[in-house]
Amino acid sequence: DSFRPNDLVFARGLLAFFNALSAVGAYSLARRLATPLAGAFAILFFVVSPAFPSGASRLYADAVTGCLMVWSVRLFVEGGRGAVVGGLAAGTAMLIRVQLLPWVPLALAGLTGIAWLIKVEPQTRRRIRLGWAGLLAPLLLFALLTHYGLENRSDSAPKHNLPRYHYYAYG
(Lines give C-alpha, C1' and ligand atoms only; values in the text may rest on other atoms or scores of the structure.)
Protein backbone atom coordinates (compact mmCIF):
# COMPACT_ATOMS: atom_id res chain seq x y z
CA ASP A 1 0.00 0.00 0.00
CA SER A 2 2.92 2.37 0.59
CA PHE A 3 4.08 2.00 -3.03
CA ARG A 4 0.67 2.51 -4.62
CA PRO A 5 -1.87 3.71 -2.02
CA ASN A 6 -5.40 2.33 -2.41
CA ASP A 7 -4.51 0.56 -5.66
CA LEU A 8 -6.09 -2.85 -5.10
CA VAL A 9 -5.31 -4.04 -8.63
CA PHE A 10 -1.60 -3.43 -8.02
CA ALA A 11 -1.75 -5.16 -4.62
CA ARG A 12 -3.55 -8.19 -6.08
CA GLY A 13 -1.09 -8.31 -8.97
CA LEU A 14 1.85 -8.24 -6.57
CA LEU A 15 0.35 -11.04 -4.47
CA ALA A 16 -0.42 -13.02 -7.63
CA PHE A 17 3.24 -12.63 -8.61
CA PHE A 18 4.34 -14.13 -5.28
CA ASN A 19 1.78 -16.90 -5.73
CA ALA A 20 3.18 -17.68 -9.19
CA LEU A 21 6.70 -17.63 -7.76
CA SER A 22 5.51 -20.20 -5.21
CA ALA A 23 4.32 -22.42 -8.05
CA VAL A 24 7.73 -22.13 -9.73
CA GLY A 25 9.36 -23.00 -6.40
CA ALA A 26 7.15 -26.05 -5.96
CA TYR A 27 8.05 -27.19 -9.47
CA SER A 28 11.74 -26.56 -8.88
CA LEU A 29 11.73 -28.41 -5.56
CA ALA A 30 9.90 -31.44 -6.94
CA ARG A 31 12.17 -31.54 -9.96
CA ARG A 32 15.28 -31.28 -7.75
CA LEU A 33 14.11 -34.05 -5.43
CA ALA A 34 12.70 -36.35 -8.10
CA THR A 35 12.09 -35.82 -11.83
CA PRO A 36 10.63 -33.28 -14.27
CA LEU A 37 7.41 -35.31 -14.15
CA ALA A 38 7.28 -34.79 -10.38
CA GLY A 39 7.69 -31.07 -11.04
CA ALA A 40 4.74 -31.16 -13.43
CA PHE A 41 2.64 -32.93 -10.78
CA ALA A 42 3.70 -30.32 -8.21
CA ILE A 43 2.45 -27.55 -10.52
CA LEU A 44 -0.78 -29.47 -11.12
CA PHE A 45 -1.38 -29.96 -7.40
CA PHE A 46 -0.55 -26.32 -6.77
CA VAL A 47 -3.02 -25.06 -9.37
CA VAL A 48 -5.92 -27.25 -8.18
CA SER A 49 -5.21 -26.47 -4.53
CA PRO A 50 -7.72 -24.12 -2.86
CA ALA A 51 -4.75 -22.04 -1.67
CA PHE A 52 -3.85 -21.02 -5.24
CA PRO A 53 -6.92 -18.92 -6.12
CA SER A 54 -7.30 -17.60 -2.59
CA GLY A 55 -3.64 -16.62 -2.45
CA ALA A 56 -4.03 -14.76 -5.72
CA SER A 57 -7.25 -12.95 -4.81
CA ARG A 58 -7.23 -12.16 -1.10
CA LEU A 59 -5.31 -9.21 0.23
CA TYR A 60 -3.47 -11.23 2.89
CA ALA A 61 0.26 -11.78 3.00
CA ASP A 62 -0.25 -15.55 2.69
CA ALA A 63 1.08 -15.53 -0.87
CA VAL A 64 4.33 -13.93 0.32
CA THR A 65 4.60 -16.28 3.29
CA GLY A 66 3.94 -19.34 1.13
CA CYS A 67 6.48 -18.18 -1.44
CA LEU A 68 9.14 -17.68 1.22
CA MET A 69 8.44 -21.10 2.76
CA VAL A 70 8.55 -22.96 -0.56
CA TRP A 71 11.77 -21.27 -1.59
CA SER A 72 13.28 -21.77 1.87
CA VAL A 73 12.90 -25.52 1.45
CA ARG A 74 14.15 -25.37 -2.13
CA LEU A 75 17.26 -23.44 -1.10
CA PHE A 76 17.84 -25.65 1.94
CA VAL A 77 17.93 -28.70 -0.33
CA GLU A 78 20.81 -27.12 -2.26
CA GLY A 79 22.95 -26.93 0.89
CA GLY A 80 25.86 -24.57 1.50
CA ARG A 81 24.93 -20.91 1.25
CA GLY A 82 21.55 -21.95 -0.07
CA ALA A 83 20.77 -23.58 3.28
CA VAL A 84 21.62 -20.35 5.11
CA VAL A 85 19.46 -18.30 2.73
CA GLY A 86 16.72 -20.92 3.07
CA GLY A 87 16.78 -20.55 6.84
CA LEU A 88 16.68 -16.78 6.47
CA ALA A 89 13.68 -17.04 4.12
CA ALA A 90 11.83 -19.34 6.54
CA GLY A 91 12.50 -16.94 9.41
CA THR A 92 11.33 -13.99 7.33
CA ALA A 93 8.11 -15.86 6.53
CA MET A 94 7.58 -16.31 10.26
CA LEU A 95 8.11 -12.59 10.82
CA ILE A 96 5.38 -11.90 8.27
CA ARG A 97 2.98 -14.53 9.64
CA VAL A 98 3.72 -14.57 13.36
CA GLN A 99 1.18 -17.33 13.96
CA LEU A 100 3.86 -19.71 12.68
CA LEU A 101 5.89 -18.88 15.78
CA PRO A 102 6.76 -20.88 17.88
CA TRP A 103 5.35 -23.95 16.11
CA VAL A 104 7.62 -24.06 13.06
CA PRO A 105 10.86 -23.58 15.05
CA LEU A 106 9.71 -26.21 17.55
CA ALA A 107 8.93 -28.66 14.76
CA LEU A 108 12.28 -27.96 13.13
CA ALA A 109 14.06 -28.45 16.45
CA GLY A 110 12.28 -31.79 16.89
CA LEU A 111 13.25 -32.89 13.39
CA THR A 112 16.83 -31.77 14.02
CA GLY A 113 16.89 -33.89 17.16
CA ILE A 114 15.56 -36.89 15.25
CA ALA A 115 18.20 -36.38 12.55
CA TRP A 116 20.93 -36.45 15.18
CA LEU A 117 19.43 -39.53 16.85
CA ILE A 118 19.38 -41.51 13.63
CA LYS A 119 22.92 -40.30 12.93
CA VAL A 120 22.48 -38.70 9.54
CA GLU A 121 25.57 -38.28 7.41
CA PRO A 122 27.97 -35.38 8.11
CA GLN A 123 26.97 -33.47 4.95
CA THR A 124 23.33 -33.47 6.08
CA ARG A 125 24.34 -32.36 9.59
CA ARG A 126 26.28 -29.47 8.08
CA ARG A 127 23.25 -28.50 5.98
CA ILE A 128 21.03 -28.52 9.07
CA ARG A 129 23.49 -26.32 10.99
CA LEU A 130 23.66 -23.87 8.10
CA GLY A 131 19.85 -23.78 7.89
CA TRP A 132 19.65 -23.00 11.60
CA ALA A 133 22.27 -20.25 11.18
CA GLY A 134 20.02 -18.51 8.66
CA LEU A 135 16.85 -19.13 10.67
CA LEU A 136 18.22 -17.76 13.93
CA ALA A 137 18.72 -14.20 12.64
CA PRO A 138 14.99 -13.47 12.05
CA LEU A 139 14.04 -15.37 15.21
CA LEU A 140 16.46 -13.28 17.26
CA LEU A 141 15.11 -10.11 15.63
CA PHE A 142 11.56 -11.13 16.57
CA ALA A 143 12.59 -11.93 20.15
CA LEU A 144 14.36 -8.59 20.52
CA LEU A 145 11.51 -6.60 19.01
CA THR A 146 8.97 -8.39 21.15
CA HIS A 147 10.95 -8.01 24.34
CA TYR A 148 12.31 -4.50 23.99
CA GLY A 149 9.91 -2.86 21.57
CA LEU A 150 6.56 -4.13 22.70
CA GLU A 151 6.24 -5.76 26.07
CA ASN A 152 8.48 -3.78 28.36
CA ARG A 153 8.06 -0.27 27.01
CA SER A 154 4.40 0.28 27.78
CA ASP A 155 2.75 -1.32 30.75
CA SER A 156 -0.56 0.14 29.64
CA ALA A 157 -0.57 -1.76 26.31
CA PRO A 158 -2.91 -4.73 26.60
CA LYS A 159 -1.20 -8.03 25.76
CA HIS A 160 -3.95 -9.01 23.33
CA ASN A 161 -2.76 -6.26 20.96
CA LEU A 162 0.75 -7.65 20.69
CA PRO A 163 1.51 -9.54 17.46
CA ARG A 164 2.61 -12.78 19.04
CA TYR A 165 -0.67 -13.16 20.89
CA HIS A 166 -2.81 -12.96 17.75
CA TYR A 167 -4.33 -16.12 16.42
CA TYR A 168 -5.02 -16.92 12.79
CA ALA A 169 -7.53 -14.72 11.06
CA TYR A 170 -6.66 -11.73 13.22
CA GLY A 171 -3.15 -11.47 11.74
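Only a predicted model underlies this, so the values are computations on that prediction, with no experimental measurement involved. The residue count restarts for each chain, going from 1 along the sequence in the order it is written. Given that this is a predicted model, residues contribute local features only at a pLDDT of at least 70 and side-chain atom pairs are listed and counted only at 80 or more, while totals for whole chains, interfaces and linings are drawn from all residues. The basis for the side-chain values is all heavy atoms of the structure; hydrogens and waters are excluded.

### Examining the nonpolar core
- Of all hydrophobic cores here, the largest spans 7 residues; its members are Ala90, Met94, Val98, Leu101, Leu135, Leu139 and Phe142.
- If you list the elements that add at least two residues to this core, you get α5 (81-96) and α7 (122-151).
- In this text, helices come from DSSP runs of H or I with a minimum length of four residues, and strands from runs of E with a minimum of two, each type numbered from the N-terminal end. When residues in this core are grouped by element, the largest group, 3 residues, is from α7. We call a set of buried Ala, Val, Leu, Ile, Met, Phe, Trp, Tyr and Cys residues a nonpolar core when their side-chain atoms join them within 4.5 Å. For every residue, the accessible area (1.4 Å probe, protein chains only) is compared with the maximum for its type, and the residue is labelled buried under 20%, exposed over 50%, or partly exposed between those bounds.

### Concerning helix α1 (residues 8-33)
- With 26 residues, α1 should reach 38 Å at 1.5 Å per residue; the first-to-last C-alpha distance of 37 Å fits that figure.
- Looking only at α1, the buried set comprises Leu15, Asn19, Ser22, Ala23, Gly25, Ala26, Ser28, Leu29 and Ala30. The span one expects for a helix is its residue count, reduced by one, times 1.5 Å.

### Notes on a nonpolar patch on the surface
- A cluster of nonpolar side chains, contributed by Leu37, Phe41, Leu44, Phe45, Val47 and Val48, occupies part of the molecular surface with about 610 Å² of accessible area.
- Topologically, phenylalanine 41 is positioned in helix α2 (residues 36-48).
- Owing to a relative accessible area of 41%, phenylalanine 41 belongs among the partly exposed residues under this scheme. Residues forming no salt bridge and having over 30% relative accessible area are the ones grouped into patches, like charges within 9 Å of each other and nonpolar side chains (Val, Leu, Ile, Met, Phe, Trp, Tyr) within 5 Å. Computed by Shrake-Rupley with a 1.4 Å probe, the accessible areas treat only the displayed protein chains as cover when residues are assessed. Here, a salt bridge means any Lys or Arg side-chain nitrogen found within 4 Å of an Asp or Glu carboxyl oxygen.

### A few points about the environment of leucine 8
- Within the secondary structure, leucine 8 is located in helix α1.
- Residue class for leucine 8 comes out partly exposed when judged on its relative accessible area of 44%.
- For leucine 8 and leucine 59, which are 51 residues apart along the polypeptide, the C-alpha to C-alpha distance reads 8.3 Å.

### Describing the packing of aromatic side chains
- A pair of aromatic rings is counted whenever rings of Phe, Tyr or Trp (Trp by its six-membered ring) have centres within 6.5 Å, and the orientation is called stacked for planes under 30 degrees apart, edge-to-face for over 60 and tilted otherwise. Across all of its chains, the model carries 2 aromatic pairs by this definition.
- A centroid spacing of 5.7 Å and a plane angle of 70° characterise the contact between phenylalanine 17 and phenylalanine 18, whose relative ring orientation is edge-to-face.
- With a centroid separation of 6.3 Å and an interplanar angle of 25°, the aromatic rings of phenylalanine 41 and phenylalanine 45 are classed as stacked. Highlighted residues: phenylalanine 41 and phenylalanine 45, both in helix α2, separated by 4 residues, approximately one helical turn.

### With respect to helix α6 (residues 103-117)
- The first and last C-alpha atoms of α6 sit 21 Å apart over 15 residues, in line with the 21 Å expected at 1.5 Å per residue.
- Inspection of α6 places Pro105, Thr112 and Ala115 among the buried residues, and these make up the whole buried set. Projected down its long axis, α6 shows its buried positions confined to an angular sector of 80°, all on one face. Exposed residues on α6 whose side chains face more than 90 degrees from its buried face are Trp103, Leu106, Leu111 and Leu117. This arc describes the spread of directions from the helix axis toward the C-beta atoms.

### What to know about the pattern of salt bridges
- Evaluated as defined, the whole model comprises 3 salt bridges.
- When the shortest N-O distance is used, the salt bridge between arginine 74 and glutamate 78 registers 2.6 Å. In this pair, arginine 74 and glutamate 78 are both assigned in helix α4 (residues 62-78), 4 residues apart and thus about one turn of the helix distant.
- Assessed through its relative accessible area of 13%, arginine 74 is described here as buried.
- Glutamate 78 gets classed as partly exposed once you look at its relative accessible area, which sits at 40%.
- One salt-bridge network, in which partners are shared between bridges, spans Arg32, Arg74 and Glu78.

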